[in-house]
Amino acid sequence: MIERPRRNRKSPAVRAWARETSLGVEHLISPLFVTDKASLKEEIPSLPGRFRLGLDDLLRQTEASMELGIRSFVLFPAVDEALKDKTATYSHDRDNFYLRYIRAVKERFPECVLMSDVAMDPYSSDGHDGYVEDGKILNDPTLEILAEMSVAQAKAGIDVIGPSDMMDGRVEKIRTALDREGHSEVSIMSYTAKYASAFYGPFREALDSAPKGGDKKTYQMDPANRAEALREAALDEAEGADILMVKPALSYMDVIAALAENTALPVAAYNVSGEYAMLKAAAERGWLNEDAAVCEMLLSLRRAGAKVILTYWAEHFAQLMKDGYVYH
Ligand code: PBG
């Protein structure tokens, strides 16, 4: 035998020469759930180790995460049912707690990168990402609301807007509104290929944001499709997105790879709540080694082409690295 691939795997040092992919804390964004209830720190049952945080705990968590080297966060609001309505009015109320928390985090930690969620569902009495009339999710009236929400977040000091709603034309609408209001420095990470997935369950429980009727299949993508993701990517690029995201991550690595090969923009992957929950559940039963599985999973997303990963394991991974954990 002339060719023996095993020679390039014979020791940790040789494996390090041959390694094609890297993974570090700098590649991770930590999603945090926030609530108006001032001093509440409440664990989310289907997301063990993740909490709904009031302002004090949010600031404590941000500080602790930054000490571990996590610099980027995305915030999701759990809104009181009484504040929800058909047009998501609360989403752009200047005094809403979400905007107040954004201001507070950026004031305390100006160096962190803070990303928002833009969609109607946390604020909508219908539990949909868009405006609902006669059971239909209307595209164009939703755009106005999303643009208003984005401008309110920009005014509060957000660094990156994350439209997760899947309405057509929203990136251009948001970009135009931001620029008109003098926020040309605010980035847009578009949820470019967001699929109608079964893996969002724990997230909807965390925010109590599940649709009250119907499903999200007329706006989120069909899990059967890949070419369509390239179409969405081309549109988002033309509309001024800065980063393209694929969501969920694990079942859609081919889509991550396809986007990474077809765009000059950075590609992000959202390792979603259901993906976290299933590995957590297996680990709790002792069926998988969580530390090793988490590292393999996140590394695989990088190998597929993700430059940046939104993951509920951000702090867990960062702690492993701090402890000198060796995963390959
Ligand atoms: C809302 C939104 C969802 C997620 C992020 N933004 C849920 C949904 O579309 O129903 C899911 C994230 C996760 O599951 O971790 N627009």
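Here, every reference points to the structure presented above.
Heads up: these notes are all about the structure in this document. Note that the structure is a prediction, hence the values are computed from the model and not measured.

### A few points about the overall build of the protein
Piece 1. A tally of regular secondary structure across the protein gives 11 helices and 12 strands.
Piece 2. In summary, the protein has a C-alpha radius of gyration of 20 Å against a globular reference of 20 Å for 328 residues, a match within 12%.
Piece 3. Principal-axis analysis of the C-alpha atoms gives the protein an extent of 70 × 45 × 40 Å.
Piece 4. Across the 328 residues that make up the protein, the buried fraction comes to 55%.
Piece 5. Of the accessible surface of the protein, which amounts to about 14800 Å², a share of 50% is contributed by carbon and sulfur atoms.
Piece 6. When the 40 positive and 52 negative side-chain charges of the protein are each reduced to one mean point, those points stand 7 Å apart.

### Some points on unusual backbone geometry
Of all residues except glycine, most have a negative phi; of all peptide bonds, most are trans.
Piece 1. In this structure, Pro248 follows Lys247 across a cis peptide bond, with omega equal to -10°.
Piece 2. Its place among the elements puts Pro248 in the loop between strand S10 (243–247) and helix H8 (253–262).
Piece 3. Of note, the phi angle at Ala88 is positive, near 55°, even though the residue is not glycine.
Piece 4. Counting through the fold element by element, Ala88 comes out in the loop between strand S4 (72–78) and helix H3 (97–108).
Piece 5. On the accessibility criterion, Ala88 (0% relative accessible area) is buried.
Piece 6. Of note in the backbone geometry, Asp134 takes a positive phi value of approximately 50° without being a glycine.

### A few points about the pattern of salt bridges
Piece 1. Under the criterion given, the structure shown has 18 salt bridges.
Piece 2. When the shortest N-O distance is used, the salt bridge between Lys37 and Asp80 registers 3.6 Å. A residue pair is termed long-range when its members are at least 10 positions apart, and Lys37 in the loop between strand S1 (28–35) and strand S2 (41–44) and Asp80 in the loop between S4 and H3 qualify at 43 residues.
Piece 3. Overall, the relative accessible area of 48% leaves Lys37 in the partly exposed class.
Piece 4. Connected via shared salt-bridge partners are Asp121, Asp129, Lys194 and Lys216.

About the criteria used
Residues numbered from 1 in each chain as written. Predicted model: local features only at pLDDT ≥ 70, side-chain atom pairs only at ≥ 80, totals over all residues. Heavy atoms only, no water. Helix = DSSP H or I, 4+ residues; strand = E, 2+ residues; numbered from the N terminus. Rg over C-alpha atoms; globule rule 2.2 N^0.38 Å. Buried < 20%, exposed > 50% of the residue type's maximum accessible area, 1.4 Å probe, protein only. Areas by Shrake-Rupley, 256 points an atom, 1.4 Å probe, with all protein chains shown as cover. Lys, Arg positive; Asp, Glu negative; His and termini not counted. Charge placed at Lys NZ, Arg CZ, Asp CG, Glu CD. Salt bridge = Lys/Arg side-chain N within 4 Å of Asp/Glu carboxyl O.

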